[in-house]
Each structure stands twice: as structure tokens, then as C-alpha cells.
Amino acid sequence: MRVTFDSNVWRVVSSPEIFPKDKDKLHIDKIRNAIENGKIIPCISETMFTLEGIKNVDRKSFFGGYKAKIDFDVTELENGQIQIGITMEPDHSAHPGNTPHLTKHLTDALRLGFKVLRCPRIGGVTNPDILEQYYLQQRPDDLKEKLDLLGGLLREIESRGCGIKVIKDIGENFKGNASNWHEGIRNAPGSENRQIESAIAEWADGDSVAAHIAYKNDFFCTRDLAKKAGQRSIFSSANRNWIEAKYGKFIVTPKELADELEKIN
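Summary of the structure given here.

Thresholds applied
Residues numbered from 1 in each chain as written. Predicted model: local features only at pLDDT ≥ 70, side-chain atom pairs only at ≥ 80, totals over all residues. Heavy atoms only, no water. Helix = DSSP H or I, 4+ residues; strand = E, 2+ residues; numbered from the N terminus. Rg over C-alpha atoms; globule rule 2.2 N^0.38 Å. Buried < 20%, exposed > 50% of the residue type's maximum accessible area, 1.4 Å probe, protein only. Contact = heavy atoms within 4.5 Å. Areas by Shrake-Rupley, 256 points an atom, 1.4 Å probe, with all protein chains shown as cover. Lys, Arg positive; Asp, Glu negative; His and termini not counted. Charge placed at Lys NZ, Arg CZ, Asp CG, Glu CD. Pairing = 2+ DSSP bridges. Phe/Tyr/Trp six-rings, centres within 6.5 Å; stacked < 30°, edge-to-face > 60°. Salt bridge = Lys/Arg side-chain N within 4 Å of Asp/Glu carboxyl O. Arc of directions from axis to C-beta.

### Some thoughts on the overall build of the chain
If you tally the helices and strands in the chain, you get 11 helices and seven strands. Computed over C-alpha atoms, the radius of gyration of the chain comes to 20 Å, within 12% of the 18 Å expected from 2.2 N^0.38 for 265 residues, which places it in the range of a compact globule. Taken along its principal axes, the extent of the C-alpha atoms in the chain is 70 × 45 × 40 Å. Relative to its 265 residues, the chain shows a buried fraction of 47%. Of all intrachain contacts in the chain linking residues separated by at least 6 positions in sequence, the fraction that spans at least 24 positions is 73%. Accessible surface, the chain: about 13,900 Å² in total, of which carbon and sulfur atoms supply 50%. Each charge class in the chain can be summarised by its mean position, and for the 38 positive and 39 negative side chains these summaries are 5 Å apart.

This is how it looks when you write it as C-alpha cells:
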């Protein structure tokens, strides 16, 4: 089976020696053993490194100042008309890369067999430390199908007020005469810093769930019960019910995943 692991689980599974007293240690040990024995192909969304890879204290300045690279190409045609082409791509130089702690966990995860799921957005944030060989490899046609599906899922989650919509709303509240919500993040007062930090995490969660569904993985393992985020979290009870009704029950805790493993032994 293929399992997508949330940020609050994959690091514990990958580097258990750092979390010797983890409350789910018994279940984590079973999950790790299943990975080592080839019963689980473990996956993580690239948002763990692109969005959540930005330190909390830096999120306001980074996302408030981030701009995609836009290039214009002007061509004069034979009939004298002018053709203008516009391309937009991520600014690959903007992201600072992984912190030492994240590098440690990623190294352990890759050694264990983790694969990264692509979750691109047009002109979105990329992390230079996530190399091509880290991704779950797909045939070109299969990848195109998944990315096409992903785009629709991202829009659907946003339409429910979750995922990227949380940070967009903060930006819109403070953008004033600015042209986009990113500038609104930059203009937000310091009193909004904590909300901005949490909103980026919600964005990452929403995109991670979308990637999981697009890749048709079997389970999404998380310990996120949305106690702090409330109804705007993709993991709120209302949104879990919506996900389950439309896409099936796949969100599980470490204990529930360990119980699933017992069924197939």
C-alpha cells in the first residue's frame, strides 16, 4: 500500500531515535517495520519542504515578498504584427532551502524509502534541496493525469475556505491598493504574525491532501485533529466528512494505520 504521511508523523517515523518517548511509539514502530519490509511505500508531499520548510518567524517576510518570475517575449511576425508571449515560473532562487533539522529528517526518510509527491502551483514556491530523484516516479502520461486532477482538487479545497484560502484571506484583508494578496501579507501588522504562520501550515495541509487524492494513495496518516485551526482546517470534522463522502475514508491516525497493517498480516 502507498501511504502519505503528514508533517506530524513522517519525521517521527523517519528519525525515531530523536523521539524516544513519542506517545505513539508502539504504532510508529509497527509502521516503520512495515516500511522496512516493503508492505508500505511511504510518501510525503513536497509542501513539507516548500511551504512548511520556511521557518515560522520568516513566513510573513518570505510569502509577503515572494514573486514568481515572469518573462515577456516579443516577436515581430512576417505580416508586421507583434506577437507577445508571457511565461511564468517559480523563482527557484527565493527559497533558503532546508534547515539542518529538516535535512536530517529528509536524509533519514530517503534512506528508509520515502518518496516525495509533486504538488506544483503556477509560479509557486520550490525548494532547491528537493532533487528530481526524490520524487515518486511516474510515466509522463500518468503524471499529467495526476497533475490535471490535482489542479481541480486544489480549487475545490480552496472553494471550501480551506488550504490556500486561509492565507489568501489574510492577504486580501491588508492589501489595500496593492495588486495581490502576497503584498497584503507584507502589509499585515505584527499582530497577524501568528495567524500567518498557522495559515501557511493550513495551506500546506490542504495541498498535501489534494496531492494524496491525486496520486490515489491508500491512506493519509496524520495526528492533526484540527483542535486549534477550527472549521477552516482541512482536517475539521466537517471537512473530513466531506472528504470521506466524496473520496472515501483514507485519513487515519498512526494507531489506525497500525491496525490496518494487522489486518493484512
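### Looking at the side chain of His-182
Topologically, His-182 is positioned in helix H8 (residues 181–187). Setting aside residues up to four positions removed in sequence, His-182 forms contacts with Phe-63, Gly-64 and Tyr-66.

### Brief notes about the pairing of strand S1 (residues 2–5)
Pairing of S1 with strand S2 (residues 41–45), which is carried by three bridges, proceeds in the parallel orientation. By the bridge assignment, Thr-4 is partnered in S2 with Cys-43. Bridging between S1 and strand S6 (residues 219–221) involves three bridges; their strand directions are parallel. Bridging across to S6, Thr-4 finds its partner in Phe-220.

### Examining the packing of aromatic side chains
The tally for this structure, following the rule as stated, stands at nine aromatic pairs. Arranged with centres 5.0 Å apart and planes meeting at 85 degrees, the rings of Phe-62 and Phe-63 form a pair that is edge-to-face. Look at Phe-62 and you get buried, because its relative accessible area is 12%. Where Phe-220 meets Phe-235, the ring centres are 5.7 Å apart and the plane angle is 45 degrees; that geometry is what we call tilted. Of this pair, Phe-220 sits in strand S6 while Phe-235 sits in the loop between S6 and helix H10 (237–247), and the two are 15 residues apart along the sequence. Look at Phe-235 and you get buried, because its relative accessible area is 1%. Ring pairing ties together the aromatic residues Phe-62, Phe-63, Tyr-66, Trp-181 and Trp-203, which thus form one cluster.

### Remarks on the side chain of Glu-197
Of note, Glu-197 is situated in helix H9 (residues 193–215). If sequence neighbours within four positions are ignored, Glu-197 has contacts with Asn-56, Val-57 and Arg-59.

### Describing the pattern of salt bridges
If you walk through the whole model with that rule in mind, you get 22 salt bridges. The partner of Asp-24 in a salt bridge is Arg-223, and the shortest N-O contact between them spans 2.9 Å. Residue Asp-24 is located in the loop between helix H1 (7–14) and helix H2 (25–36), and its partner Arg-223 is located in the loop between S6 and H10; the two are separated by 199 residues in the primary sequence. The closest approach of N and O atoms between Asp-207 and Arg-121, which form a salt bridge, is 3.0 Å. Highlighted residues: Asp-207 in helix H9 and Arg-121 in the loop between strand S5 (115–117) and helix H6 (140–159), separated in sequence by 86 residues. Given the relative accessible area of 26%, Arg-121 is considered partly exposed. Linked through salt bridges whose partners overlap, the residues forming this network are Glu-17, Lys-104, Asp-108 and Arg-111.

### Here we look at helix H11 (residues 254–264)
In an α-helix, one turn spans 3.6 residues; hence positions three or four apart end up facing the same way. Listed in full, the buried residues belonging to H11 are Pro-254, Leu-257, Ala-258 and Leu-261. Along the axis of H11, the buried residues cluster in a sector spanning 100 degrees; they form a single face. Its buried side turned inward, H11 meets S1, H1, H2, S6 and strand S7 (251–252).

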